[in-house]
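Here is what each chain is made of, one letter per residue.
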Amino acid sequence: MTNDVAAIAADRLVKIYKGGIAVNGVSFSLPQGSITGLLGGNGAGKTTTIAMIMGLVMPTSGQVSVLGVDMARQRHRVLHRMNFESPYVDMPMRLTVRQNLRVFGKLYGVDDVEERIRELAEQLDLVEFLDRPTGKLSAGQKTRVSLAKSLLNKPEILLLDEPTASLDPDTADWVRGRLETYRRQRHATILLASHNMAEVERLCERVIMMKRGKIEDDDTPQRLLERYGRETLEEVFLDIARGRGEAREAAQ
Amino acid sequence: MSGRASVYSAFSFGRIGAMILRYYYLMRSSWPRLLELIYWPMVQMLMWGFLQSYVDQNASFFAKAGGTFIGAVLLWDILFRGQLGFSVSFLEEMWARNMGNLMMSPLRPLEFVVALMVMSLVRLAIGMVPVTLVALWLFNFNLYGLGFALAAFFANLIFTSWAVGILVSGLILRNGMGAEGLAWTIMFLLLPLTCVYYPVSIFPGWLQAVAWALPPTYVFEGMRALLIEHVFRADLMLMALALNLFYFGISVIVFLKLLDAARRHGSLIQTGE
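Residues numbered from 1 in each chain as written. Chains lettered and ligands numbered in written order. Predicted model: local features only at pLDDT ≥ 70, side-chain atom pairs only at ≥ 80, totals over all residues. Heavy atoms only, no water.

Taken residue by residue, the interface counts 42 residues in chain A and 37 residues in chain B. Counting the surface lost from both chain A and chain B, the interface buries some 3,700 Å², and carbon and sulfur atoms represent 59% of this. Broken down residue by residue, the surface that chain A buries against chain B is led by Leu56, His76 and Leu107 of chain A, which jointly contribute 19%. Where chain A touches chain B, the interface holds 1 salt bridge. The partner of Arg97 of chain B in a salt bridge is Asp90 of chain A, with the nearest N and O atoms 2.9 Å apart. Linking chain A with chain B are 12 residue pairs in polar contact (both at pLDDT 80 or more), by the criterion used here. Tallied by class, residues from the side of chain A that touches chain B come to 23 nonpolar, 6 polar and 13 charged. (Contact = heavy atoms within 4.5 Å. Buried area = accessible area lost by both parts, 1.4 Å probe. Salt bridge = Lys/Arg side-chain N within 4 Å of Asp/Glu carboxyl O. Polar contact = N/O pair within 3.5 Å; in protein donor to acceptor, adjacent residues only side chain to side chain. Nonpolar A, V, L, I, M, F, W, Y, C, P; charged D, E, K, R; others polar.)

Residue and element names in this part refer to chain A. Here 5 bridges tie strand E1 (residues 8-17) to strand E4 (residues 61-66), and the two strands are oriented antiparallel to one another. Within the sheet, the bridge partner assigned to Ala10 lies in E4 and is Val64. In this sheet, strand E5 (residues 69-70) lies alongside E4 in antiparallel orientation, the contact comprising 2 bridges. Within E5, the residue paired with Val66 across the bridge is Val69. (Pairing = 2+ DSSP bridges. Helix = DSSP H or I, 4+ residues; strand = E, 2+ residues; numbered from the N terminus.)

As a further point, take unusual backbone geometry. One can expect most non-glycine residues to show negative phi and most peptide bonds to be in trans. In this structure, Leu67 of chain A is a non-glycine residue whose phi angle is positive, near 50°. For Leu67 of chain A, a relative accessible area of 1% corresponds to the buried category. (Buried < 20%, exposed > 50% of the residue type's maximum accessible area, 1.4 Å probe, protein only.)

So, on to the packing of aromatic side chains. Within this structure, the stated rule accounts for 12 aromatic pairs over all chains. Ring geometry for Tyr24 of chain B and Tyr25 of chain B: centres 6.0 Å apart, planes at 40°, overall tilted. An aromatic cluster is defined as three or more aromatic residues linked by ring pairs; in this entry it consists of Trp76, Phe80 and Phe188 of chain B. In this structure, Lys149 of chain A is placed above the aromatic ring of Phe104 of chain A, and the distance from its NZ or CZ to the ring centre is 5.8 Å. The ring of Trp174 of chain A carries the charged tip of Arg178 of chain A above its face, separated from the ring centre by 6.0 Å. (Phe/Tyr/Trp six-rings, centres within 6.5 Å; stacked < 30°, edge-to-face > 60°. Lys NZ or Arg CZ within 6 Å of the ring centre and 35° of its normal.)

Structure follows, in structure tokens:
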């Protein structure tokens, strides 16, 4: 696999559920080693888009590929090279942190699982509760465990759905720091769905803004700020969510 | 990159082993889960065992047919607990909201199914071995005395239980936890139809045709033939095996279709009701 192949490529992705259109003609291509934010309000289609990238949801039409592999049909060829973290899934609560990481390490075919667990425990400050049941941990500790699980196989592609949701600002900032370090060290591609504009502004070199299943804008944070004449991404987000005129009125 | 070769493979015993390890940790962490495996089979066996003892003392036919009730209840439990063992292991992932993690991992659907089959055997052994030993001690009924016949009965019943378990798991994947009730109740549909406690001949003709379409019917008829007439009916076992292979194949195909449907409908990311 060469670096010419897009890490993630979505081509006119459409997902229609019985209740309506969740994703409506979304296209983008993320180069390897990039970090991109996927922003949008509730129901904008972020989670469905990420689920289609993971192959958990089949597109109604269009195509999504990861490292050149069609995720609707051949996802098992590439799943071991990617990983994810999401607040919509949990690690089994009765298993200890070490047991959970061991099971997932084996599922991902990690060669020396115990050594990898030791490494991650040190990097993510998990050592003291490795042998505690996962269900007994605080929200912040659980997030770190989920992050450890998502890094177990040293993924080339990391999909993060609101990785700092429900974390206090200090822990959230710490998690962002770990993600930045991981990307720098591994030249990994990260796609991050978030409601947290400060997080996106700090981490992402590109932002894709979604609204009602469509891409409303797609650019670097700096260019978005300039284009909308705003100082923060939060204001840009409000412009897009409410429509430019309404947001300006509200700001005034 | 670590472990790349092993994860490329279409079928990996390493990944199956990882799932078995996951269920081993779970069982080890929860004694109520272990107790539950033994509790109902023991209650059932005791109730039917004492009933059998009473009937033995009061009816000449049943005196000759010694062990048919208790044999039936033990074999029925193999069928029922085998399916439950499969389905509960599957449900543990839904209850733990872990299905997304598994579906996103390199674990293949058929590897997952094989891990659940192994766990159904483990759960069955934990539940049934003590119960069969108590049946031997209390009622002098030696299930293991059936020898090769027991192996044939067991193989056919466990095959059926897996086929039903696979089907139920597919329905839960597709329809969410609203379909969980099926895991606990579906086997009771087979209880009257597979003639666990009475011969097929008491059914009207049309219902006999339904009963003979179900593999466990052959097992329970075979058990009665063995215990009452002391004849091992290999023909019945072969017929059951043929039907089982057919139903097992169908259930795997339906499971894969339901998994595809779940991916189309987005059910895999909505694991609630």
